Amino acid sequence: MEEAEVIKKRQKELLIIIPAYNEEKNIGDTLDGLAAAGILDWADILVMNDASRDRTEEIVKQKGFPVVTHVYNLGYGSGLQVGYKYAVRKGYEYVIQMDADGQHAVSNVKKIYDRLCTRDGEGNAPDIVLGSRFVKGSETYPISLVKKIAYCFFRLLIRIGTGQWIMDPTTGLQGLSRRAFSYYSRYSNFDDQYPDANMIMQMLLLGYRVEEMPALMFTRHEGVSMHHGLKPVVYMFRMMYSIIAVWLRIRLFHVEGKQK
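In this text, all values refer to a predicted model and were calculated from it rather than measured experimentally. (Residues numbered from 1 in each chain as written. Predicted model: local features only at pLDDT ≥ 70, side-chain atom pairs only at ≥ 80, totals over all residues. Heavy atoms only, no water.)

Caption draft 1: Quick look at the overall build of the protein chain. When its secondary structure is counted, the protein chain shows 9 helices and 7 strands. Dimensions of the protein chain along its principal axes, counting C-alpha atoms only, are 50 × 45 × 40 Å. Classification of the 260 residues of the protein chain by burial places 47% in the buried group. Contacts in the protein chain between residues far apart in sequence, at least 24 positions, make up 76% of those at least 6 positions apart. Surface summary for the protein chain: the accessible area is close to 13,400 Å², and the carbon and sulfur share equals 55%. Seen as two clouds, the 33 positive and the 30 negative side-chain charges of the protein chain have centres 5 Å apart. (Helix = DSSP H or I, 4+ residues; strand = E, 2+ residues; numbered from the N terminus. Buried < 20%, exposed > 50% of the residue type's maximum accessible area, 1.4 Å probe, protein only. Contact = heavy atoms within 4.5 Å. Areas by Shrake-Rupley, 256 points an atom, 1.4 Å probe, with all protein chains shown as cover. Lys, Arg positive; Asp, Glu negative; His and termini not counted. Charge placed at Lys NZ, Arg CZ, Asp CG, Glu CD.)

Caption draft 2: Spatial organisation of the packing of helix α6 (residues 145–162) against helix α8 (residues 197–205). Remark: α6 packs on α8, axes separated minimally by 10 Å, with the N-to-C direction vectors making an angle of 15°. On the basis of their axis angle, the class for α6 and α8 is roughly parallel. Our pair here, α6 against α8, has a crossing hand that is right-handed. On α8, the residues touching Phe154, Leu157, Ile158, Gly161 and Thr162 of α6 are Ala197, Ile200, Met201, Leu204 and Leu205. Along the lines of polarity and charge, the residues of the contact of α6 with α8 split into 8 nonpolar, 2 polar and no charged. (Axes fitted to C-alpha atoms, helices over the stretch in contact; angles between N-to-C directions. Parallel < 35°, antiparallel > 145°, perpendicular 65-115°, else oblique. Left-handed = near helix turned anticlockwise from the far one by under 90°. Nonpolar A, V, L, I, M, F, W, Y, C, P; charged D, E, K, R; others polar.)

Caption draft 3: Representation of helix α5 (residues 107–117). Those residues of α5 that sit buried are Asn108, Val109, Ile112, Tyr113 and Leu116. Angularly, the buried residues of α5 cover 130° about the axis, an arc narrow enough to put them on a single face. (Arc of directions from axis to C-beta.)

Caption draft 4: Geometry of the confidence of the model for the protein chain. For the protein chain, the mean per-residue pLDDT works out to 91, and 90% of the residues sit at or above 70. Low pLDDT, under 50, characterises residues 1–9; the stretch is placed with 0 contacts to residues that sit more than four places away or in other chains. (pLDDT = per-residue confidence, 0-100.)

Caption draft 5: Here's a closer look at a nonpolar patch on the surface. Together, Ile244, Trp247, Leu248, Leu252, Phe253 and Val255 make up a nonpolar patch on the protein surface, roughly 570 Å² of accessible area in all. In this structure Phe253 comes out as exposed when scored by relative accessible area, which is 57%. (Patch = residues over 30% accessible without salt bridge, like charges linked within 9 Å, V, L, I, M, F, W, Y side chains within 5 Å. Salt bridge = Lys/Arg side-chain N within 4 Å of Asp/Glu carboxyl O.)

Caption draft 6: Local environment of α8. In terms of residue burial, α8 counts as a mostly covered element, since 9 of its 9 residues are buried. Looking at α8, one finds that the buried residues are Ala197, Asn198, Met199, Ile200, Met201, Gln202, Met203, Leu204 and Leu205. Looking at the buried positions of α8, the neighbouring elements they touch are β5 (128–132), α6, α7 (178–184), β7 (210–214) and α9 (231–252). Residue Gly207 follows α8 closely and has a positive phi angle near 95°.

Caption draft 7: Examining the packing of aromatic side chains more closely. What the rule picks out here adds up to 10 aromatic pairs. Plain terms: the ring middles of Trp42 and Tyr113 are 5.4 Å apart, the flat faces sit at 5° to each other, and that makes the pair stacked. With Trp42 in the loop between α2 (27–36) and β2 (44–49) and Tyr113 in helix α5, the pair connects residues that are 71 residues apart, well separated along the chain. Given a relative accessible area of 11%, Tyr113 falls into the buried group. With a centroid separation of 5.6 Å and an interplanar angle of 25°, the aromatic rings of Tyr84 and Tyr184 are classed as stacked. In this pair, Tyr84 is assigned in helix α4 (residues 76–90) and Tyr184 in helix α7, connecting sequence segments 100 residues apart. Taken together, the ring pairs in this structure connect Phe153, Phe154, Tyr194 and Tyr235 into an aromatic cluster. Against the face of Tyr141 rests Arg133, its NZ or CZ located 5.1 Å from the ring centre. (Phe/Tyr/Trp six-rings, centres within 6.5 Å; stacked < 30°, edge-to-face > 60°. Lys NZ or Arg CZ within 6 Å of the ring centre and 35° of its normal.)

Caption draft 8: How the structure looks around unusual backbone geometry. Located in the positive-phi region is Ala51, a residue other than glycine, with phi close to 55°. Tracing the chain through its elements places Ala51 in the loop between β2 and α3 (56–62). For His254, which is not glycine, the phi dihedral falls at a positive 50°. As for its position among the elements, His254 is in the segment after α9. The exposed category is assigned to His254, whose relative accessible area is 60%.

Caption draft 9: Highlighting the nonpolar core. If you look at the biggest cluster of nonpolar residues, it comprises 40 residues, and the most contacted ones within it are Tyr84, Val95, Ile128, Leu176, Tyr184 and Met203. Those elements giving two or more residues to this core turn out to be β1 (14–20), β2, α4, β5, α6, α7, α8 and α9. If you tally residues by element for this core, the top one is α8, at 7 residues. With residues up to four places along the chain from it excluded, the contact list for Leu176 reads Tyr84, Glu93, Tyr94, Val95, Gln97, Leu116, Asp127, Ile128, Phe181 and Tyr184. If you look at the next biggest cluster of nonpolar residues, it comprises 28 residues, including Ile27, Met98, Leu116 and Val129. (Core = buried A, V, L, I, M, F, W, Y, C linked by side-chain atoms within 4.5 Å.)

Put into structure tokens, the structure is as follows:
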């Protein structure tokens, strides 16, 4: 009994999920940065390798980090959802998801974690904390005109649908409570390709507490983004229809209910 209690005390409550696809030029530095910051003392890390064709899996294993590798490329959202399922099964209380490409500064992790654990005057803690590039206190982040238009449009749709402003609706840097990632882990509750503004709309409509906080982010220097070529155009139209579909499904047809 005493040994079991010691093991329980040592159980870390935070899991950092890093989805990766062909990130051999970046994943090593990202993992080294987390280790150098001392984050491994109080958080576990899981890399979700989405059938990369390069040395991503090899590099992660060489550095001694756990990695789950898909046999086929399933998409960004699928990688995250498998990570959520893992977090549920292993009993984690919190999840922070960050990109493998080095765009998310490791200094954001502790701040998001602290925010997830902070309760307000009524005893409520946030379900989702978004690391934002565009709220007061954030560093200047360069984006193209096309992306500016897309972000403004998504902000407006979320505002109309929920009454809440979300300044960075496509951020990949997010912290989730167990209540939130448990919901996401269930079949059909999470977009398997581009879980961005549509998922924020969904969670706000279902009554989950979503907050933003300033985050430090960098531009990508190595590798190819999943939003390259004509993909941003396809993404924008797909996301627009997905946001509207989420609103119709929840508000009009009442398909989904709030998880307790």
